[in-house]
Amino acid sequence: MLTAQWVCRRCIKALARPKNRQFLRLASTDASTNLPTVLLQRARNIAAEHNKLATALASDFDPKTAKRMGELSRVAEALKEWETARSSISELTALLQSEDAELRQLAKEELSTTNAKVDTLATALSASLTPRDPFADMPCLLEVRPGPGGKEGRYFADAVFRMYRQYCSRKGIRTNTLKYETTVGAESSAGSASESPLQEAVLEVLDAGAYDRFRGEAGMHRVQRVPSTEMNGRTHTSAVAVWVLPSFPEDEADMPNEQSFNDPSSIFYVDPREVKEEKMRAGGAGGQHVNKTESAIRLTHEPTGVTVSMQDSRSQHRNRAAAWTLLRSRIGQRRREEREEEAWALRNSVLSKDNIRRGSKIRTYNYSQDRCTDHRSGLDVHNLPDVLEGGETLDRIMESTREWLVSKDVESLVAEEEAEAAAATKGAKKGKK
């Protein structure tokens, strides 16, 4: 009796998993252009406005007009490159009918390359149309805290924190450790590779644009491995929560008013009268100053209940400054999420929520299989040590996440444009009646 060939469960799941696409193909997508019709029309409208502003600036310079033109230039340039490539395809297609065999062969080879280029330019054009995150150009704070999984989650939290710190070091990105607290009384040698049982850590990434680079890292990171203390060789599953918060430039004057923490209309503004400050003695291992001087600071924003404590430095002044930075970022994050709740049905926010749970995992680190999987982009890589060292393999994962975020932004934009078009059509029909 013949038996069917055995296939492992993981391979079946991989085959059944839908392929990740650069952008969503909807019913309104023009097959000849590989672009949703509503996006193409939006791009042409923006390009027409760009050309009109350029004409106006040629005769009379105006700062506001120049700023608006700069905001539209990204879309106008992307559309121009895409249309040029489309024109080249039309010319090459016509050459395929030539009587010259050599010319037909050259046109065929060039057509294949140009078609691939058009697909890339279509993706770039779609991405240029998506609204740029208002915090994209800002520095950021990476908060790392252990999630479900007990002591093993604390050890892996330290591994994740070091992964981002080493990644920044390899890329030449400036960082500052605002907070690094370990569990008192736990042994650092119990974890893998001498990991420490981390309670909470905050890494400040100082370079501009850091928020846009790391915003896709927010969520639950799951680890599957055999702890060094496990006697029976069983694999344990635990998790680490990562928050990505917008931070502030070193020079506050470089920030626009809507992002300035000194402007009462900014979402980062915190009224000092609403903040309760408590001075405490630092706890844990750390030398003679511990439990003797009141260098630790705890800030509580009474309207929201957000609490921040800082004791990493021996200086009370430095602890206070670091605590205020973290408090503003957390409150700004919360206010922004509240503003986005109304648009949640059409536009998916990339910001993490405070109620991150194990079920909302975004990535899995499997030690026994030497594998790291991003559950959003669907990318599997097999070089886990390089990932945890912040190497080039982590670059691949983060890049796939950024592409996934762009595809979700494009999907939301298409839904928004089609909803507006449908509403306009419905209103026009009612007007005729």
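This write-up is about the structure you can find in this document. (Residues numbered from 1 in each chain as written. Predicted model: local features only at pLDDT ≥ 70, side-chain atom pairs only at ≥ 80, totals over all residues. Heavy atoms only, no water.)

### Thoughts on the overall build of the chain
Convention followed: In DSSP terms, a helix is any run of H or I states spanning at least four residues, a strand is any run of E spanning at least two, and both are numbered starting from the N terminus. Residue contacts are defined here by distance: any two heavy atoms, one from each residue, within 4.5 Å place the two residues in contact. Reported accessibility uses the Shrake-Rupley method at a 1.4 Å probe radius. Residues are deemed covered only where the shown protein chains occlude them.
Assigned secondary structure in the chain consists of nine helices and 13 strands. A separation of at least 24 residues holds for 63% of the contacts in the chain among residues at least 6 apart in sequence. Counting only carbon and sulfur atoms, one obtains 49% of the accessible surface of the chain, whose full area is about 23900 Å².

### As for the environment of Gln 166
Quick note on the threshold: Each residue is placed in one exposure class: buried if its accessible area under a 1.4 Å probe, protein chains only, is under 20% of its type's maximum, exposed if it is over 50%, and partly exposed if it falls in between.
Take Gln 166: it is sitting in helix H5 (residues 151-171). Residue Gln 166 is classed as partly exposed on the basis of its relative accessible area of 35%. Put simply, Gln 166 and Gly 390 are 224 residues apart on the chain and 5.3 Å apart in space, counted from C-alpha to C-alpha. With residues near it in sequence (within four places) discarded, Gln 166 still touches Leu 388, Glu 389 and Gly 390.

### Describing unusual backbone geometry
The phi dihedral of Asp 370 is positive, around 50°, even though this residue is not glycine. With respect to the element layout, Asp 370 can be found in the loop between strand S11 (361-366) and strand S12 (371-374).

### Concerning the nonpolar core
To keep things clear, this is the line we draw: Note on terminology: a nonpolar core comprises buried Ala, Val, Leu, Ile, Met, Phe, Trp, Tyr and Cys residues joined through side-chain atoms within 4.5 Å.
Core analysis: the largest hydrophobic core is formed by 37 residues, its most contacted members being Phe 214, Tyr 365 and Val 387. Elements that contribute at least two residues to this core include exactly strand S3 (140-146), H5, strand S5 (198-205), helix H6 (210-214), strand S7 (236-246), helix H8 (384-388) and helix H9 (392-432). A total of nine residues in this core trace back to one element, the largest contributor, which is H5. Leaving out residues up to four positions away in the same chain, Val 387 has contacts with Met 163, Tyr 365, Cys 372, Val 381, Thr 393, Leu 394 and Ile 397. Counting residues in each nonpolar core, the second largest holds 26 residues, with Leu 39, Ala 43, Leu 92 and Val 410 among its members.

### Points about the environment of Met 69
Checked against the element boundaries, Met 69 lands in helix H3 (residues 63-95). Spatially, the C-alpha atom of Met 69 lies 6.2 Å from that of Leu 53, the residues being 16 residues apart in sequence. Each residue touching Met 69, except ones within four places of it in the same chain, is listed here: His 50, Leu 53, Ala 54 and Leu 57.

### A look at H5
At 3.6 residues per turn, the α-helix brings residues three or four places apart onto the same side. Let me state the cut-off plainly: A helix is expected to reach a length of 1.5 Å times the quantity of its residues less one.
Given a rise of 1.5 Å per residue, 21 residues ought to cover 30 Å, and the 31 Å separating the end C-alpha atoms of H5 matches this to within 8%. Within two residues after H5, Gly 172 carries a phi angle of roughly 75°, on the positive side.

### Side note on the sheet that holds strand S9 (residues 296-301)
Counted only if it meets this: Whether two strands pair depends on DSSP finding at least two bridges between them. A fitted line through C-alpha atoms represents every axis, and for helices the fit uses only the stretch in contact; the resulting angles, taken between N-to-C directions, go from 0 to 180 degrees.
Spatially, S8-S9-S10 is the arrangement adopted by the three strands of the open sheet, whose pairing is antiparallel. Each of the sheet's edge strands pairs with one partner strand only, and the pair in question is strand S8 (275-280) and strand S10 (306-310). Adjacent strand axes in the sheet meet at a mean angle of 15°, parallel and antiparallel pairs treated alike. Pairing between S8 and S9: six bridges, direction antiparallel.

### Some words on the pattern of salt bridges
Inclusion rule: Salt bridges are defined by distance alone: a side-chain nitrogen of Lys or Arg within 4 Å of a carboxyl oxygen of Asp or Glu.
Within the structure shown, the criterion is met by 26 salt bridges. Notably, a salt bridge pairs Glu 71 with Arg 68, separated by 3.5 Å at the nearest N-O pair. On the criterion of helical spacing, the pair formed by Glu 71 and Arg 68 is a turn pair, its members being three residues apart in helix H3. In this structure, the salt-bridge partner of Arg 215 is Asp 409, at a minimum N-O distance of 3.8 Å. Remark: Asp 409 occurs in helix H9 and Arg 215 occurs in the loop between H6 and strand S6 (219-225); sequence separation between them is 194 residues. Residues Arg 215 and Asp 409 agree in their burial class; the two are buried. Shared partners join several salt bridges into a network, and the residues in it are Glu 143, Arg 145, Lys 179, Glu 181, Glu 200 and Arg 330.

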